[in-house]
Amino acid sequence: MISKPWREGLVYIVISAFLVWHTLALVVAPAPDTSVIAASLRRVLHPYLTLLKLDNKWDFYAPNAGRGHQLRYVVEDADGIRHSFRPTDDLSRIYPSEWWFRSLYDWIADSPGIYGDAGVAMLCRKHAALRPVAVVLTDLEQKNFWPDDQLNGKHPLDPEFVTEKDLGRIACPEK
Amino acid sequence: MPGEVAVVRFGRACVCALGRTWSQFWFQPRPTTPLEIARIGIGMAVLVHYGLATPYLFDFWGDNGWLPRALALETIDDPWTQSLFFYFTAPWQWIAFHGVFLLCCAAFMLGWRTPWVKWIVLVGHVSFAQRNPMLTYGVDKILASLLLILCLAPVGRALSLDRVRAVRAAKRIDLAATLPPFSSPWTGACTRLMQIQMAVLFLCSAVEKLRGDDWWYGDAVWFIFTNDELHTPFLLNILASQYWLVNVATYLTLLIELAYPFLIWQRATRPYVLTGAIFLHLMFATLMRMPYFSTVMIMGHMSFVRPEWLARLGQAWKDKIGEMEMIYDGRCAFCVRSMALLLAFDGLGQVKIRDFRTDPSPVVSDTQLEKALYLVRPDGRALPGFEAYRHVALRVPGLWWQIPFFYVPVLSRLLGHPIYDWIAANRSRLSAMGMGSPRPSLK
């Protein structure tokens, strides 16, 4: 039976150890991977950071603001007709769903080989009335758009300010 | 030998000093109030956010949505990335989980059964985030960290229905009873953890930004708003014609983020840095349409709010409103129970009470008090029954949730007066029906 002073001391030490552990986790999580010390500590902290979703870099719009991009797609129907869509145009800026769908489109645009099939399956379902056969994905990557361009009445997505990247044609899944 | 003794003594003194400093930094007894404000704001944000996600539950987190389970498991490849969604096998499980989760978010916001609902909110949020990382961004990451700290902290002890329940239980025995505000060293430690999280976040955010030319040259804000997701023609026109605003906004953002981790700790500079940080996030909420992110971040800043500021705010409110006295019938068990419930919401102690049976009022006669409860205002005027409750509901912050019932034009008074009059006329019967506790022993 541990006496009360010893018990209190033990609790104090355990709690203090946890505080050190968690503080270390908060500091190590965003540390650069190139640091040998951070990398070693991260190996130890990895289960704790990952399980509780604490492994974060805090690099909001950093190091650069990013130029943005816009996913577009063309639905090919059974008659060979092509229907063009700009999915972000349909999003309402009032609802949080805008952010979710933009994020989905960004991931598909960044890694069409991984997320394209599932994304196209959803788009085929969405446009089922068109009897889609395949979807062609395109990504418009924005270039620098300067104040003079804005004052001259241009838009950041005008052809001269974007690079069009073909992400491929993906067939709709068979029903 | 004397040298060795001196070294040992010195070593012991150092350890003691370190221990004292450690205790002073981490284990200062603190009330939970700043963390409770964070709890309420975060609970509300999470409830609204995931509530609005309900129509997309299966599209975003289901097995055959934008990220099918098989693909998610393939891309994750880390056994520590866990989500309850990976273990669901039937659609009703998604719906049941989502329903329970939303209820717990509401309970967390209101502070109802807080000790266990907070863990469900944390597990739920992490499960959503881990199941579909395509949807997560900065807010989900900071939320996970803040929720963990709130789970570890003894929240629910103030500004909560749990507190109302505890105070009501005490006042049902003795209406004059008071429950002291909860304060503990562990609350101090959890508050520190949240403060450290916010400071680390701002420091890392600033350092990462300084690595980029956009921020160094003062152009970052311009490029943020030319981005398709934030493109606003009206705002761009203003910024393009007054480009100095872009530079100011860019460097001000950097200044606030760099100053925060260093100056937020000082007594003299904390109010200004806190104001700057909250202003920054209000700008994000309005100009960048990120109310969810901004709300969560502002709630994180609440960890730096000093309890004495809140106490001063409470006192200023009490001084502005003035003292109110409610006169009730101490022989009526139903009345006593009603008073206990009302006083349980009066966290600032604005309402004094008087039992006219034992302590007659100099302002209102016993004959009047036989018919209705009365409220004596600071100016000496007395309001009966429904009007008394109506007056108090607007002036006691804990009762503001009742304002929609008491202040609907015409309707509130049209219905409120007859309902109150009926209750007052039948209070003896209501007491006898068991809708009241035995007469308390008043001190």
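In this numbering scheme, every chain counts its residues from 1 along its sequence in written order. A letter from A marks each chain and a number from 1 marks each ligand, given out in the order of writing. Where totals are concerned, whole chains, interfaces and linings use all residues; where local detail is concerned, this predicted model gives features only for residues with pLDDT of at least 70, and gives and counts side-chain atom pairs only at 80 or more. Neither water nor hydrogens contribute to the side-chain values; these are computed over all heavy atoms in the structure.

**Description of the overall build of chain A**
- The helix and strand labels rest on DSSP assignments: H or I over at least four residues marks a helix, E over at least two residues marks a strand, and numbering proceeds from the N terminus. From N to C terminus, chain A includes five helices and four strands.
- Scaling as 2.2 N^0.38, a compact globule of 175 residues should have a C-alpha radius of gyration of about 16 Å, whereas chain A reaches 25 Å, well beyond that.
- Each of the 175 residues in chain A was classed as buried or not, and the buried ones make up 45%.
- In what follows, residue pairs with any heavy atoms lying within 4.5 Å of each other are defined as contacts. Of the contacts made within chain A by residues no fewer than 6 positions apart, 58% connect residues no fewer than 24 positions apart.
- Carbon and sulfur atoms make up 60% of the accessible area of chain A, which totals about 9600 Å².
- Each charge class in chain A can be summarised by its mean position, and for the 20 positive and 22 negative side chains these summaries are 7 Å apart. Only the C-alpha atoms count toward the radius of gyration. The rule for a globule is 2.2 Å times the residue count to the power 0.38. The cut-offs for exposure are 20% and 50% of the maximum accessible area for each residue type, with area from a 1.4 Å probe on protein chains only; residues under the lower value are buried, those over the upper are exposed, and the others partly exposed. We get accessible surface area from the Shrake-Rupley algorithm with a probe of 1.4 Å; when it comes to residues, only the shown protein chains can shield them. By the counting rule applied here, Lys and Arg register as positive and Asp and Glu as negative, while His and the ends of each chain are not counted. Charge placement uses NZ in Lys and CZ in Arg. For Asp and Glu, CG and CD serve respectively.

**Observations concerning helix H21 (residues 411-425) of chain B**
Residue and element names in this part refer to chain B.
- To estimate how far a helix should reach, multiply one less than its number of residues by 1.5 Å. For H21, spanning 15 residues, the distance from its first C-alpha to its last is 22 Å, which sits close to the expected 21 Å at 1.5 Å a residue.
- If you check which residues of H21 are buried, you get Ser412, Gly416, Tyr420 and Ala424. Viewed along the axis of H21, the buried residues span an arc of 60°, placing them on a single side of the element. Facing away from the buried surface of H21 by more than 90 degrees, the exposed residues are Leu414, Trp422 and Ala425. The arc refers to the directions leading from the helix axis to the C-beta atoms.

**Overview of the nonpolar core**
- Note on terminology: a nonpolar core comprises buried Ala, Val, Leu, Ile, Met, Phe, Trp, Tyr and Cys residues joined through side-chain atoms within 4.5 Å. Counting residues in hydrophobic clusters, the biggest one holds 127 residues, and the most contacted among them are Val135 and Leu137 of chain A together with Ile42, Val46, Trp61, Trp66 and Phe202 of chain B.
- Annotation comment: domain bounds sourced from an automatic or database domain assignment. Counting residues domain by domain, this core receives three or more from each of domain 1 (4-61) and domain 2 (69-171) of chain A.
- Sequence-distant contacts of Trp61 of chain B, defined by excluding residues within four places in its chain, comprise Tyr50, Ala53, Tyr56, Phe85, Trp94, Phe128, Arg131, Asn132 and Leu135 of chain B.
- Ranked by size, the runner-up nonpolar core spans 35 residues in total, among them Val167, Val364, Leu369 and Phe406 of chain B.

**Topic: the interface of chain B and chain A**
- Listed by partner, the interface residues are 75 residues for chain B and 66 residues for chain A.
- The three residues of chain B that bury the most area against chain A are Trp66, Met134 and Asp228 of chain B, which together make up 13% of that side's buried surface.
- Within this document, salt bridges are pairs made up of a side-chain nitrogen of Lys or Arg and a carboxyl oxygen of Asp or Glu, the two lying within 4 Å of each other. Here chain B and chain A share three salt bridges between them.
- Two residues, Asp228 of chain B and Arg102 of chain A, come together in a salt bridge whose shortest N-O distance is 3.1 Å.
- For the side of chain B that touches chain A, the element with the most residues is helix H9 (residues 185-210) of chain B, which contributes eleven residues.
- Three classes are used, and their members are as follows: Ala, Val, Leu, Ile, Met, Phe, Trp, Tyr, Cys and Pro are nonpolar, Asp, Glu, Lys and Arg are charged, and the others, Gly among them, are polar. Classifying every residue of the side of chain B that touches chain A gives 42 nonpolar, 21 polar and twelve charged. The term buried area means the drop in 1.4 Å probe accessible area that two parts suffer when joined, counted for both and summed.

**Some details on the environment of Gly51 of chain B**
All names here are of chain B.
- When you line up the elements, Gly51 lands in helix H2 (residues 33-52).
- Here Gly51 falls in the partly exposed class, since its relative accessible area comes to 28%.
- For the pair Gly51 and Phe101, spaced 50 residues apart in sequence, the C-alpha to C-alpha distance is 9.7 Å.

**Overview of the layout of surface pockets**
Residue and element names in this part refer to chain B.
- Throughout, the protein atoms alone are placed on a 1 Å grid, and a set of points is a cavity if a 1.4 Å probe fits but cannot get out or a pocket if it is open with protein on both sides within 12 Å along at least five of seven lines; lining residues have an atom within 4 Å of a point. Grid points are joined across faces, edges and corners, and a volume is the space filled by probe spheres set on the points. Empty space within the largest pocket amounts to approximately 1700 Å³.
- Around the largest pocket sit 49 residues that line it, and Leu159, Phe345, Asp346, Gly347 and Leu348 are the ones nearest its centre.
- Mapped onto the lining of the largest pocket, the elements with two or more residues apiece are H2, helix H5 (91-110), helix H8 (161-173), helix H16 (307-321), helix H17 (333-344) and strand S4 (351-355).
- Broken down by element, the lining of the largest pocket gets its largest block of residues, eight residues, from H16.
- Of the residues belonging to the lining of the largest pocket, the class tally is 33 nonpolar, ten polar and six charged.

**Remarks on unusual backbone geometry**
Residues and elements named next belong to chain A.
- Of note, the bond from Ala62 into Pro63 is cis; its omega dihedral lies within 30 degrees of zero at 0°.
- Its identity is not glycine, yet Lys53 carries a phi of approximately 55°, on the positive side.
- Checked against the element boundaries, Lys53 lands in the loop between helix H2 (36-51) and strand S1 (69-77).
- You can call Lys53 buried: its relative accessible area is 14%.
- Of note in this structure, Tyr61 is not a glycine but carries a positive phi near 50°.

**Description of the packing of helix H19 (residues 385-395) of chain B against H21 of chain B**
Residue and element names in this part refer to chain B.
- Fitted lines through C-alpha atoms give the axes, limited to the stretch in contact for helices. The angle between two N-to-C directions lies from 0 to 180 degrees. Interaxial distance between H19 and H21 falls to 8 Å at its minimum, and their mutual angle equals 125°. Overall, the two elements H19 and H21 adopt an arrangement that is oblique. Contacts from Gly385, Phe386, Glu387, Tyr389 and Arg390 of H19 reach H21 at Ser412, Arg413, Gly416, His417 and Tyr420.
- By residue class, the composition of the contact of H19 with H21 is three nonpolar, four polar and three charged. For this classification, under 35 degrees means roughly parallel, over 145 means roughly antiparallel, 65 to 115 means roughly perpendicular, and everything else is oblique.

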